[in-house]
Amino acid sequence: MDKLMLTSTLVLLLLFTECGAQIDVCGQVKAQTRIVGGAVASPGDWPWQVSLHTFGRHFCGASLINNQWLLSAAHCFARPKPVKAFLGRQSQEGSNPNEEFRRITRIIIHANYNPHTLDNDVALLKLSSPVNFTDFIRPVCLAAQNSTFFTGTESWVTGWGDIDWEVPLPSPQNLMEVEVPVVGNRQCNRDYNPKNTITDNMICAGLRKGGKDACRGDSGGPMVSKQGSQWLLSGVVSFGRGCAEPEKPGVYARVSRYQDWISNRTSGTPLPGFVTFTSEGTDPDLQVSWTDPRPSSVTATPTSTAFCGHAPLNERLSGSGTSSARAGMWPWMASLHWNGSHVCGGTLVAEDSVLTSAECIMRSSTPSEWTVFLGRVRQNGSNSFETAMSVVSIVSSTLSGSNVAVLRLASRAPLSPFIQPICMESGQTFATGSTCWAAGWSEGRGGEEQALQEVQTPLVDCGNASSTNICTQNLTLDQEDSGGPLMCQLGNAWYQVAVLGTSSSNPRQAEGQMMVFPKLSLFKDFLMQALGDFLSPRDSDSNSGSAPSLLLSQLQVVRIGLHAILMLLCH
């Protein structure tokens, strides 16, 4: 089959899939009886509402957007944890005859999520298996990117959260609903200024007099508005000041800002359905007088221009032995200090996150006791290009055997030729014999300055353990080297393929044959929960894709275009 025929066939399949049941199924409910004000919802009134549980308890809400994906809030997943999703649930106590549950197998947190300002507070959750649609389990339509929600737009919020500040939902904890009008962003900024920043990625709703609002436990749940016969998801419950306080509306992630992000990361049948919501008349919010007194850099939506694996000052492709590294040679290297002393290495893997070995942080999981130095070469002496970063959270993977940990920094690292993130291996192939490098600090090496040391090593055959491990020739590792990277080059980009750890490499070190490390991809699920989407190398640093990969990429673009066009044609 030639490329043209293959392309035509796949496009026809896309047409069939798109037109099969995309818009018709979303946002539809059986006959509803609405009660204005906070009240118990009737079974089937909000069939997209999902209850998320961890360790047997409800902790956040979510919305079903097709048969295998949910949309929720990123802040619900600040720490990795096992998550189950209950769909068609009415009550948190007693029986739920219309209910199904699924495990969550993947969590995608928006790459630009800011845990301090709660900007881009969205996350996608993949179900362990697709669900069948019923009167009690159906997807909601999503507000398309050109939607307008003027001040006063009628909206409904649902969930199992507290009914007032620190007042839990009473038994039997039935699903609750409340109607709240949209509050324009100018007015909302005026209400919250200068405590919080309301960005274009947010939408607000609430009464000026207060009394109706989402509350703790509702996070991640839906805010919806009705257009014709369809319900559209306009917001994801994000944050607020207290619960239902006067002139402090609830703040939600604005769904219409994430159409491309959602479309590019989801699959299933039907595809998530985007519908344009149009408000009539003129938005009263335009008449609100408000000037932001803060610098524009504070209110600008954070954007990430970071690429991974780019070391502009490293021209090393080969070499031998052990030597001291120059400034900028390995710009992702991090020196982890506990109570003022270097104890382990690490790597910058996102603009605000450092990866290390879990054995490094066993001495303490208190973030305030740790400092991360980026751009450092010498442990003793001057470092002209270094930056000290404080740590706000620490999470570790929980696999049997060796594990890794992620330290979240208090702010984004100041990227420069001397500070850059490394790419993380997530299924790439590095052949036996490939030249790779390890780097780290140790009191026994690097002279009086205790300079960063580097060593070249080829990859060797792991034998039967090659699917989960990566192996090298023998390396001399000290405790202070733990947490550092084993890194290999692919094209012009550098990838971390394993985390150095003395405990993981010891079992075969005594044999004098090789060092064995768990592949970094073994921790992919944990890392995606902790970091969200992985950074990608620059196009110029990547290998050229093969013809099939290029064709699939082109078809992905075609699919996205068809997705937008066919929403009109398939009505």
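Structure first, text after, so check above.
Every value quoted in this text rests on a predicted model; they were computed, and no experiment measured them.

Draft legend 1. Quick peek at the pairing of strand β21 (residues 387-396). Direction of pairing for strand β20 (residues 370-374) relative to β21: antiparallel, over a ladder of 4 bridges. Bridge pairing in β21 places Phe373 opposite Ala388. Both β21 and strand β22 (residues 404-409) contribute to a ladder of 5 bridges, which runs antiparallel. Paired with Ser396 across the strands is Ala405, a residue of β22.

Draft legend 2. Main features of unusual backbone geometry. Although it is not a glycine, Leu118 sits at a positive phi angle of roughly 60°. As for its position among the elements, Leu118 is in the loop between β6 (100-109) and β7 (123-127). Judged by its relative accessible area of 17%, Leu118 is buried. For Glu247, which is not a glycine, the phi torsion comes out positive at approximately 55°. Turning to its location among the elements, Glu247 is positioned in the loop between β13 (230-239) and β14 (250-254).

Draft legend 3. Region of the structure containing the nonpolar core. Counting residues in hydrophobic clusters, the biggest one holds 59 residues, and the most contacted among them are Leu52, Leu64, Leu70, Leu71, Phe77 and Ile262. Residues in contact with Phe77, not counting those within four places in the same chain, are Leu52, Phe59, Ser72, Val83, Ile107, Ile109, Ala123, Leu125 and Gln529. Counting 46 residues, the second-largest nonpolar core is a separate cluster that includes Leu355, Cys360, Ile361 and Leu409.

Draft legend 4. Expanded view of the sheet that holds β20. Taken in spatial order, the 6 strands of this closed barrel run β17-β18-β19-β22-β21-β20, and their pairing is antiparallel. Averaged over all pairs of adjacent strands, the angle between their axes in this sheet comes to 40°, without regard to strand direction. Its contacts with the sheet place helix α6 (residues 524-531) against β18 (341-350), β19 (353-357), β21 and β22, and it is angled at close to 10° to β22.

Draft legend 5. Quick peek at the pattern of salt bridges. One pass over the full model with this rule turns up 8 salt bridges. For Arg265, the salt bridge is made with Asp533, and the minimal N-O distance between the two is 2.7 Å. Of this pair, Arg265 sits in the loop between α3 (259-263) and β15 (274-275) while Asp533 sits in the loop between α6 and α7 (547-569), placing them 268 residues apart in sequence. The class of Arg265 is partly exposed, set by a relative accessible area of 28%. For Asp352, the salt bridge identified is with Arg408, shortest N-O distance 3.8 Å. In this pair, Asp352 sits in the loop between β18 and β19 while Arg408 sits in strand β22, placing the two residues 56 residues apart along the sequence. Across the pair, Arg408 and Asp352 agree in class, each one buried.

Rules used in this analysis
Residues numbered from 1 in each chain as written. Predicted model: local features only at pLDDT ≥ 70, side-chain atom pairs only at ≥ 80, totals over all residues. Heavy atoms only, no water. Pairing = 2+ DSSP bridges. Helix = DSSP H or I, 4+ residues; strand = E, 2+ residues; numbered from the N terminus. Buried < 20%, exposed > 50% of the residue type's maximum accessible area, 1.4 Å probe, protein only. Core = buried A, V, L, I, M, F, W, Y, C linked by side-chain atoms within 4.5 Å. Contact = heavy atoms within 4.5 Å. Axes fitted to C-alpha atoms, helices over the stretch in contact; angles between N-to-C directions. Salt bridge = Lys/Arg side-chain N within 4 Å of Asp/Glu carboxyl O.

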